[in-house]
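If you want the building blocks of each chain, they are given just below.
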Amino acid sequence: MVVVLDTVSTTQLRPRHPEKVNRPDSVSPPKPDWIRVRAPTSRGYGDTRKIVKENGLVTVCEEAGCPNIGECWDKKHATFMIMGDTCTRACAFCNVKTGMPNALDMSEPEHVALAVSKLGLHHVVITSVDRDDLADGGADHFAKTIRAIRAACPTTTIEILTPDFLRKPGALEIVVAAKPDVFNHNLETVPARYLTVRPGARYFHSLRLLQRVKELDPTIFTKSGIMVGLGEERHEVLQVMDDMRSADIDFLTIGQYLQPTRKHHVVSRYVTPDEFSGYEKVAYTKGFLMVSASPLTRSSHHAGEDFAKLQAARAAQAR
């Protein structure tokens, strides 16, 4: 083994989360058996990773440390994260890098479309970092990416998971005009936890964003999700469900929060599979067309299969 010591360079590596460096460590309880997953090793996973790297793309699967990456990439399902790998927000739960992002890559929409074509995706999920540094929050880049995929893969359905476009007037209208099939924006947690979990966002702004999508184009499915295990109470989760239904949101996801590092928000507890099942049953009684609630549920997990179920549920409701 050879150890190389750099005695010349004085440049220190920038930490992934500079705003969290001085926070005290917080240790979450040990993971229960139902939350454990195997490390990805399949050939399908390797093939997907190769296509992603060859096209110079970023995926939220990697950046956010998704526990389902092995399962999804084995099926050649990847969630592309556009506009770089550095976020202008500093949410307490998120593992994506924070800081000042680089300039937009104007060729990225075409690169994403090419990767979608190579992977043969019938349904694709596109998300992004927050880009508060841009005048439109990246709305036009989202629209260009949607249009590029439509041109390259006309039969592929498109789901987007967007930032909140806070203080970006006109941004939402740009994205909706590009006509994605599903518009997802996650509320992430209950209102009382926003100051500690999602301090850069505003709960009722995010809710209104989703409501506005339906007002602009009722044909677009809307979707939102929350994490549990952040210190919320059951009655608060049920109130979020009611708020979402008041905003006419079609699809609800609920998953277990997992702590990326000891500098991130601690896991208050691991919600049991039976509790998730209970949340799912209650959500359906409140009128959601589709609900996914389980420890490993994530926004884009099984997105293609769930989109087909969404379409079927809307068709059944229209009869």
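For the structure itself, look to the data block above.
This section reports on the structure supplied with the text. Treat the numbers as computed from the prediction; the structure is a model and nothing was measured.

## Regarding the overall build of the protein
Then, number 1: Along the protein, the regular secondary structure elements total eleven helices and nine strands.
Then, number 2: Scaling as 2.2 N^0.38, a compact globule of 319 residues should have a C-alpha radius of gyration of about 20 Å, and the protein matches this with 19 Å.
Then, number 3: If you line up the protein on its principal axes, its C-alpha atoms span 70 × 45 × 40 Å.
Then, number 4: Evaluated residue by residue, the protein yields a buried proportion of 50% over its 319 residues.
Then, number 5: At a minimum sequence separation of 6, the contacts of the protein that also span at least 24 residues come to 76%.
Then, number 6: As presented, the protein carries roughly 15,300 Å² of accessible surface, and 54% of it is formed by carbon and sulfur atoms.

## Some points on the environment of R16
Then, number 1: If you trace the backbone, R16 turns up in the segment before helix 1 (43-54).
Then, number 2: With 175 residues separating them along the chain, R16 and P191 place their C-alpha atoms 27 Å apart.
Then, number 3: Here the side chain of R16 touches N95 through a polar contact of 2.7 Å, landing on its backbone oxygen.

## Digging into the pattern of salt bridges
Then, number 1: Under the criterion given, the structure shown has 20 salt bridges.
Then, number 2: In this structure, E215 engages R208 in a salt bridge whose closest nitrogen and oxygen atoms are separated by 2.8 Å.
Then, number 3: A relative accessible area of 43% places E215 in the partly exposed class.
Then, number 4: Between K286 and D242 there is a salt bridge, and its shortest N-O distance comes to 2.8 Å.

## Remarks on the pairing of strand 5 (residues 157-161)
Then, number 1: Of all five residues in strand 5, five are buried; the element is thus mostly enclosed.
Then, number 2: Of the two faces of strand 5, the one carrying T157, E159 and L161 and the one carrying I158 and I160 are both buried.
Then, number 3: When strand 4 (residues 123-128) meets strand 5, the two strands line up parallel, connected through five bridges. Note that in strand 5 the partner of V124 across the bridge is I158.
Then, number 4: In this fold, strand 4 hands off to helix 5 (residues 139-152), which returns the chain to strand 5; that crossover is right-handed.
Then, number 5: Note that strand 5 and strand 6 (residues 182-184) share three bridges and pair parallel. In the sheet register, L161 faces strand 6, and the bridge partner there is N184.
Then, number 6: Tracing the backbone out of strand 5, into helix 6 (residues 171-177) and back to the parallel element strand 6 gives a crossover that is right-handed.

## Some details on the packing of aromatic side chains
Then, number 1: Applying the stated rule across the entire model yields three aromatic pairs.
Then, number 2: Between Y194 and Y203, the aromatic rings sit 5.6 Å apart at their centres with planes inclined by 90°, giving edge-to-face as the arrangement.
Then, number 3: Using a relative accessible area of 5% as the deciding quantity, one classes Y194 as buried.
Then, number 4: Judged by its relative accessible area of 5%, Y203 falls in the buried class.
Then, number 5: Look at F221 and F307: their rings are 5.8 Å apart centre to centre, the planes differ by 85°, and that puts the pair in the edge-to-face class.

## A closer look at the packing of helix 1 against helix 4 (residues 108-119)
Then, number 1: Contact geometry of helix 1 with helix 4 gives a least axis separation of 10 Å together with a crossing angle of 155°. The angle between helix 1 and helix 4 falls in the class roughly antiparallel. Taken as a pair, helix 1 and helix 4 cross one another with a handedness that is right-handed. Where helix 1 abuts helix 4, its residues T48, I51 and E54 lie against A115, K118 and L119.
Then, number 2: When its residues are assigned to classes, the contact of helix 1 with helix 4 shows three nonpolar, one polar and two charged.

## What about the nonpolar core?
In summary, soluble globular proteins display a tendency toward joint burial of nonpolar side chains.
Then, number 1: Residues F80, I126, F183, M244 and I254 are the most contacted members of the largest nonpolar core, which totals 64 residues.
Then, number 2: Broken down by element, this core gets its largest block of residues, six residues, from helix 5.
Then, number 3: With residues up to four places along the chain from it excluded, the contact list for I254 reads I226, V228, M241, F276, Y279, S292, A293, S294 and T297.
Then, number 4: Grouped together as the second largest cluster of nonpolar side chains are eleven residues, F93, L230, Y257 and L258 included.

## A look at helix 10 (residues 273-285)
Then, number 1: Between its first and last C-alpha, helix 10 extends 19 Å over 13 residues, near the 18 Å set by a 1.5 Å rise per residue.
Then, number 2: Taken together, the buried positions of helix 10 are occupied by F276, Y279 and A283. Within helix 10, the buried residues cover an arc of 55° as seen down the axis, which keeps them to one side. Exposed residues on helix 10 whose side chains face more than 90 degrees from its buried face are D274, K281 and T285.
Then, number 3: On its buried side, helix 10 packs onto strand 7 (221-228), helix 9 (234-246), strand 8 (251-256) and strand 9 (290-293).
Then, number 4: Phi for G287, located one or two positions after helix 10, is positive at around 110°.

Rules used throughout
Residues numbered from 1 in each chain as written. Predicted model: local features only at pLDDT ≥ 70, side-chain atom pairs only at ≥ 80, totals over all residues. Heavy atoms only, no water. Helix = DSSP H or I, 4+ residues; strand = E, 2+ residues; numbered from the N terminus. Rg over C-alpha atoms; globule rule 2.2 N^0.38 Å. Buried < 20%, exposed > 50% of the residue type's maximum accessible area, 1.4 Å probe, protein only. Contact = heavy atoms within 4.5 Å. Areas by Shrake-Rupley, 256 points an atom, 1.4 Å probe, with all protein chains shown as cover. Polar contact = N/O pair within 3.5 Å; in protein donor to acceptor, adjacent residues only side chain to side chain. Salt bridge = Lys/Arg side-chain N within 4 Å of Asp/Glu carboxyl O. Pairing = 2+ DSSP bridges. Right-handed = clockwise from strand over helix to strand, strands pointing away. Phe/Tyr/Trp six-rings, centres within 6.5 Å; stacked < 30°, edge-to-face > 60°. Axes fitted to C-alpha atoms, helices over the stretch in contact; angles between N-to-C directions. Parallel < 35°, antiparallel > 145°, perpendicular 65-115°, else oblique. Left-handed = near helix turned anticlockwise from the far one by under 90°. Nonpolar A, V, L, I, M, F, W, Y, C, P; charged D, E, K, R; others polar. Core = buried A, V, L, I, M, F, W, Y, C linked by side-chain atoms within 4.5 Å. Expected span 1.5 Å × (residues − 1). Arc of directions from axis to C-beta.

Coordinates in, geometry out; function isn't part of it.
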